[in-house]
Amino acid sequence: MLTFIARRLLLAVPVLLGVIFVVMLTVQLIPGDAVALMLGEHATPEAVARLRDYLGLDKPLLVRYVGYVGRVARGDLGRSIQQNRPVVDELADAWPATLELTCAALVISALAGVAAGVVSAVWPNSLFDGVARVGSLFGLSMPVFWTGLVLIVVFALWLPWLPVGGMGSLPHLVLPAVTLALPSLAMVARMTRSSVLEVLREDYVRTARAKGVAERLVVAKHALRNAAIPILTLLGLQAGQLMGGAVLTETVFSWPGLGRLMVKAIFARDYVLLQGAVLVFALAFVLINLAVDIAYGVLDPRIAHHG
Amino acid sequence: MTRARVALGTLAAAAIAATILVSPSGPAEAQKRGGTLTIVRPTDPVSLDPQLETTAPGAWVYFNMLEPLLTMDEKMQIRPALATGYEVLSPTKVRFKLRPGVKFHDGTPLNAAAVKFTFDRALRGNPPARWASLAGSLSGAEVVDDLTVDVTTREPYGPILRTLAMYCTGIVSPTAVQKMGEGFSRAPVGTGPFKFVEWKTNTHVILERNPDYWGDKALLDRVVFKVVPEEGARMIALQTGDADMVLLPAPAQLPALSRDPKYVVHEVVGGRVVFAGMNAATPPLDDVRVRTALLYAVDRKAILDNILEGSAVPARGVLAPSVFGFKDMQLDRLYPFDRAKAKALLAQAGWTPGPDGILQKGGQRLSLSWLAARGRYPKDGEITEAIQAMLKEVGVEAKVQFLEWATVFTQFRSASFNHQMFTLGWVTSNADADYSLYALFHSKQVPPTGWNTSRYANPRVDTLVEQARRSMNQTEREKLYGETQDILAKEMVWIPVYNTKEIVVTRASVKGFTVHPVEYNLWLGKTWLDK
């Protein structure tokens, strides 16, 4: 098991190197120059040249790449071009917010999604199932900025129960987490419903029922555990999705997360900051995938990990 | 509209102030001390140090902490700030007397050395400060004695006083900069009525009253600048009371808010002109008849009424009226909306109707390629499309290419520009005509050197703006700029569309606040809360 984890982590290195290269190349290829943008309309060409020189932006792409990778290996992510601030500090400001929001949204979509899916599967075509299915469709198709604003109007303006936005106490977390969770929740509910339905038709479930196992146990132990693999895969994918796709939610709810940091970096063509943020995302993806793979083995001993 | 307010203690305005105080608009209310003012605005500062930040998100905050030598009041008059007086010693040297007994927030005394330190840091540092590019010929400061400092320029520089009254030229505490290093840019130390408390990235910046302020102490205990990127959410925060003041409010909601006694819409004509620019260096727009024909073809009133819905005023020239040297170009009289006139001028220039309704000359269609960004300035995309449709009515085709700002900007900045038209906005940051007329219309200021994106070239204009820049006589300068604008009005290389309004919405409990024509000057030194 440990060798398995170690090997997977080592494999992450070329992935991260590739990610850095692609980000650097993309920023190089798209039009727009960080320094000129930063200094604006009023800048003299000399000022632009001096700042570019100061930041080392006049060096060729490969030289900058090798230099950057070398510094990252020593734990130095550089200074953001626009703010002239260590990228590590910028990331440290935004990362906890993203983690908090992603975890909350993941918990909501996992718990509510699995619960709704199981109930739908146990009583298919019931009233609840109908409502849940229409609700899932709604959750999947409504854009986040729209649901977000509607939730703000209802729960912050009409019923003044929750704050309009910002980060802080638990009430601050409720609306953004729910908004962000809705599409994933819908997907998890649908996936759970179909896989549990499928498992409930299996012979061993009939056997379990025949030998008198309580229905509650049949569903919880025999059906759900066996239906869990696809749900887990989906949750793993969603975790990445929630983390990277939170920029709209962050914008609507003034949430100080990584998504907004990244968009800001892109508009300013601040490739140093952008690379730092992308590295964090890439690393998180690698770790989530690893965690999902390990969980497979725990849930289903037939899936063994051999070093 | 904003209720007229006049800064008391300013000599020029004293007479008017006296009449305002007895006017029926009500006696001055008793000011209350205390409370926290919460402001919501869309973006976090880049930095709180003018060295790294000259854009509004940072300026709004540091303007209340860092004070320049001079300042510009709401009537655009230069007033003393850290300097109590000045004397022009020579065309390249101005002597300032500093206010005695002023201390920075960290206790360091304000003196000539601090002024020199601030200017050296900005102008001689590597890299130079962001604001160094805005400061024209400013070259440094020399210490004369503890409270006397000479500010020097590389060449005679008429706009020097307005430049030193710019929001971003605030004097910083030398000891704090030396002690904090890079950290200073996130926790600046100045002399202003508020001092820094905390900055949580992308969440808020908190300031508190400076109890040792040299002037009238601030009435508010604290000011919290919150980041709320979404326009709708900002307006809701104002309604729920989570915010007392909204910067960049939603224009569509302004009419309703100004009717509601719970809110006050503060507005003033601002310093930015948004325009459709023409590239005068290449055909067909090198022909002044074609250029002016386009002005006749555009119904600016319709654009203002239907697209901007009261959130802006018609542009009266290439400068905003608040700028020193502004002369009303009388565009509505010179170029009233008149399609027949436009067509006649185009016919005069040799353009005849083609088979597809577009004018043509020698087999060449009158088709203009147009570069624009969307969302850089209020309604810029909509305006571009409206003008495109209006030009079509007189047989001119405009092919508009909308690109993201960074991309558009790179094309503007480069030496070759392959479009005939473009949509842009321009703000005269130091409120002196030099800043715009020189950089935008001098023939040597074609990018990447300056911002003459129209590639306009007129030797007379070159002479005028050079002369005006070098003159220290403000009356003479005003005359020179007047002539410059008269020439520009005849040879129009812009279709000036609108002049921005600076609009701030507050809850009715916010008192003593006046919105400034310069968008960066958000002054909270006299603001108080009635609750």
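Keep in mind that this is a model prediction, so the values were computed, not measured.

Asks: Would you explain the overall build of chain B in this entry?
Replies: A tally of regular secondary structure across chain B gives 16 helices and 22 strands. Over its C-alpha trace chain B gives a radius of gyration of 24 Å, about what one expects of a compact globule, namely 24 Å for 531 residues. Reported as C-alpha extents along the three principal axes, the dimensions of chain B are approximately 75 × 55 × 45 Å. Relative to its full complement of 531 residues, chain B shows a buried share of 52%. Long-range pairs, those at least 24 residues apart, make up 69% of the contacts in chain B between residues at least 6 apart in sequence.

Asks: Whenever I open this one, the overall build of chain A confuses me. Can you help?
Replies: Per the secondary structure count, chain A includes 13 helices and zero strands. Beginning at the N terminus, the succession of helices and strands in chain A can be written as α-α-α-α-α-α-α-α-α-α-α-α-α. Seen through its C-alpha atoms, chain A measures out along the principal axes to roughly 85 × 55 × 30 Å. Expressed as a percentage of the 307 residues in chain A, the buried residues total 38%.

Asks: When you look at the interface of chain A and chain B in this model, what are you seeing that I'm missing?
Replies: Bring the parts together and some accessible area is lost; that lost area is often taken as the interface size. On the chain B side, the residues contacting the 38 residues of chain A number 35 residues. For the side of chain A that touches chain B, the secondary-structure elements that each account for two or more residues are helix 2 (34-39), helix 3 (45-55), helix 5 (87-122), helix 7 (144-158), helix 11 (247-252) and helix 12 (258-267) of chain A. The residue makeup of the side of chain A that touches chain B, split by class, is 22 nonpolar, 10 polar and six charged.

Asks: I tried to follow the nonpolar core on my own but got confused; where do I start?
Replies: Generally speaking, soluble globular proteins have nonpolar side chains that are buried together. The biggest cluster of nonpolar side chains holds 240 residues, and the ones touching the most others in it are Val188 and Ala277 of chain A together with Leu294 of chain B. When near neighbours in sequence (up to four residues on either side) are disregarded, Leu294 of chain B contacts Met278, Leu391, Val396 and Ile495 of chain B.

Asks: Please explain unusual backbone geometry as it appears in this structure.
Replies: Trans is the common state for peptide bonds, and a negative phi is the common state for residues other than glycine. With an omega dihedral of 0 degrees, the bond running from Pro283 of chain B to Pro284 of chain B counts as a cis peptide bond. Here the residue pair Pro447 of chain B and Pro448 of chain B is connected by a cis peptide bond, since its omega of 5 degrees sits within 30 degrees of zero. Counting through the fold element by element, Pro448 of chain B comes out in the loop between helix 14 (433-441) and helix 15 (459-470). Of note, the phi angle at Asn125 of chain A is positive, near 65 degrees, even though the residue is not glycine. Taking the C-beta count within 10 Å as the criterion, Asn125 of chain A has 9 such neighbours and is therefore assigned exposed.

Asks: Teacher, can you tell me more about the packing of helix 12 of chain A against helix 13 (residues 271-299) of chain A here?
Replies: Relative orientation and spacing of two packed helices are given, respectively, by the angle between their axes and the distance between those axes. All names here are of chain A. As a packed pair, helix 12 and helix 13 sit with axes 9 Å apart at the nearest point and diverge in direction by 145 degrees. In this structure, helix 12 meets helix 13 at a crossing whose hand is left-handed. Between helix 12 and helix 13, the residues in contact are Leu258, Leu261, Met262, Ala265 and Ile266 and Leu273, Leu274, Ala277 and Val280, respectively. Here the residues of the contact of helix 12 with helix 13 sort into nine nonpolar, no polar and no charged.

Asks: When you look at the packing of helix 5 of chain A against helix 6 (residues 127-141) of chain A in this model, what are you seeing that I'm missing?
Replies: Residues and elements named next belong to chain A. The contact between helix 5 and helix 6 brings their axes to 8 Å, and the two run at 135 degrees. In terms of orientation, helix 5 lies oblique with respect to helix 6. Remark: the crossing between helix 5 and helix 6 carries left-handed chirality. Packed against helix 5, whose contacting residues are Ala116, Val119 and Ser120, the element helix 6 presents Phe128, Asp129 and Ala132 at the interface. Residues of the contact of helix 5 with helix 6, tallied by class, amount to four nonpolar, one polar and one charged.

Asks: Sorry if this is basic, but what is going on with helix 9 (residues 203-210) of chain A here?
Replies: Structurally, the α-helix is built with 3.6 residues per turn, so residues lying three or four positions apart point the same way. For helix 9 of chain A, a buried count of zero out of eight residues is recorded, marking the element as mostly open to its surroundings. The first or second residue beyond helix 9 of chain A is Gly212 of chain A, which carries a positive phi of 90 degrees.

Asks: How do you make sense of the sheet that holds strand 16 (residues 364-365) of chain B when you look at a structure like this?
Replies: Pairing between the strands of a sheet comes from backbone hydrogen bonds, and it takes one of two forms, parallel or antiparallel. All names here are of chain B. Ordered by their spatial adjacency, three strands build an open sheet running 14-15-16, and the pairing between neighbours is antiparallel. Lying at the two open borders of the sheet, with one neighbouring strand each, are strand 14 (352-353) and strand 16. Bridge count between strand 14 and strand 15 (residues 359-361): two bridges; the pairing is antiparallel. For Pro353, the partnering residue across the bridge sits in strand 15 and is Leu359.

Asks: Just to check I follow, could you spell out the sheet that holds strand 4 (residues 83-90) of chain B for this structure?
Replies: Residue and element names in this part refer to chain B. Spatial ordering of the open sheet is given by 4-5-7-6, a layout of four strands whose pairing is antiparallel. Taken across any chain shown, the strands that pair with only one partner, and hence form the sheet edges, are strand 4 and strand 6 (138-145). Each strand of the sheet is rotated relative to its neighbour by a mean of 25 degrees, with strand direction disregarded. As paired elements, strand 6 and strand 7 (residues 148-153) share six bridges and run antiparallel to each other. Paired with Leu138 across the two strands is Thr153, which belongs to strand 7. The strands touched by helix 3 (residues 112-124) are strand 5 (93-98), strand 6 and strand 7; relative to strand 6, the strand with the most contacts, the crossing angle is about 160 degrees.

Asks: Can you help me understand the environment of Ala250 of chain B in this one?
Replies: Residue and element names in this part refer to chain B. Along the chain, Ala250 turns up in the loop between strand 11 (245-247) and helix 7 (254-259). Distance from Ala250 to Gly140, taken between C-alpha atoms, is 42 Å for residues 110 residues apart in sequence. Ignoring sequence-local partners within four residues, the contact set of Ala250 consists of Glu231, Gly232 and Met235.

Asks: Honestly, the environment of Ser173 of chain B in this entry has me stumped. Any pointers?
Replies: All names here are of chain B. Its location among the elements puts Ser173 in the loop between helix 4 (160-164) and helix 5 (174-180). Look at Ser173 and you get buried, because 26 C-beta atoms sit within 10 Å. In this structure, the C-alpha to C-alpha distance between Ser173 and Ala113, residues 60 residues apart in sequence, is 10.0 Å. In this structure Ser173 touches Phe104, Asp106, Thr108, Ala114, Val189 and Gly190, once residues within four positions along its chain are discounted.

Asks: Please explain the environment of Lys343 of chain B as it appears in this structure.
Replies: Residues and elements named next belong to chain B. Within the fold, Lys343 resides in helix 11 (residues 339-348). Taking the C-beta count within 10 Å as the criterion, Lys343 has 20 such neighbours and is therefore assigned buried. When the C-alpha atoms of Lys343 and Leu366 are compared, they prove to be 12 Å apart, with 23 residues separating the residues in sequence.

Asks: Sorry if this is basic, but what is going on with the confidence of the model for chain A here?
Replies: Model confidence for chain A is summarised by a mean pLDDT of 86, while 99% of its residues fall at 70 or above. For chain A, helix 2 of chain A is the element with the lowest average pLDDT, namely 80, and helix 5 of chain A is the one with the highest, namely 91.

Asks: Quick question: what am I supposed to make of the pairing of strand 5 of chain B here?
Replies: Consecutive side chains along a regular strand alternate between the two faces of the sheet. Residue and element names in this part refer to chain B. Burial along strand 5 is one-sided: Val94, Phe96 and Leu98 are buried, and none of Lys93, Arg95 and Lys97, which face the opposite way, are. As judged from the six bridges shared by strand 4 and strand 5, these two strands associate in the antiparallel manner. Each bridged residue has a counterpart across the sheet, and for Tyr86 the counterpart in strand 5 is Phe96. Here strand 4 folds back onto strand 5 in antiparallel fashion, the turn holding two residues.

Asks: What's the story with the confidence of the model for chain B in this structure? I'm lost.
Replies: The predicted structure's coordinates, where accompanied by low pLDDT, should not be read in detail. Residues and elements named next belong to chain B. When pLDDT is averaged along chain B, the result is 91, and 95% of the positions lie at 70 or above. Looking at the elements of chain B, mean pLDDT is at its lowest for helix 1 (residues 11-22), recorded as 34, and at its highest for strand 9 (residues 204-209), recorded as 97. Note that pLDDT drops below 50 for residues 1-27; the model gives that stretch 23 contacts with residues more than four away or on any other chain. As a predicted assembly, this complex carries a pTM of 0.87 together with an ipTM value of 0.84.

Quick notes on the rules
- Residues numbered from 1 in each chain as written.
- Chains lettered and ligands numbered in written order.
- Predicted model: local features only at pLDDT ≥ 70, side-chain atom pairs only at ≥ 80, totals over all residues.
- Helix = DSSP H or I, 4+ residues; strand = E, 2+ residues; numbered from the N terminus.
- Rg over C-alpha atoms; globule rule 2.2 N^0.38 Å.
- Buried ≥ 20, exposed ≤ 12 C-beta atoms within 10 Å, placed from the backbone.
- Contact = placed C-beta atoms within 7 Å.
- Nonpolar A, V, L, I, M, F, W, Y, C, P; charged D, E, K, R; others polar.
- Core = buried A, V, L, I, M, F, W, Y, C linked by C-beta atoms within 7 Å.
- Axes fitted to C-alpha atoms, helices over the stretch in contact; angles between N-to-C directions.
- Left-handed = near helix turned anticlockwise from the far one by under 90°.
- Parallel < 35°, antiparallel > 145°, perpendicular 65-115°, else oblique.
- Pairing = 2+ DSSP bridges.
- pLDDT = per-residue confidence, 0-100.

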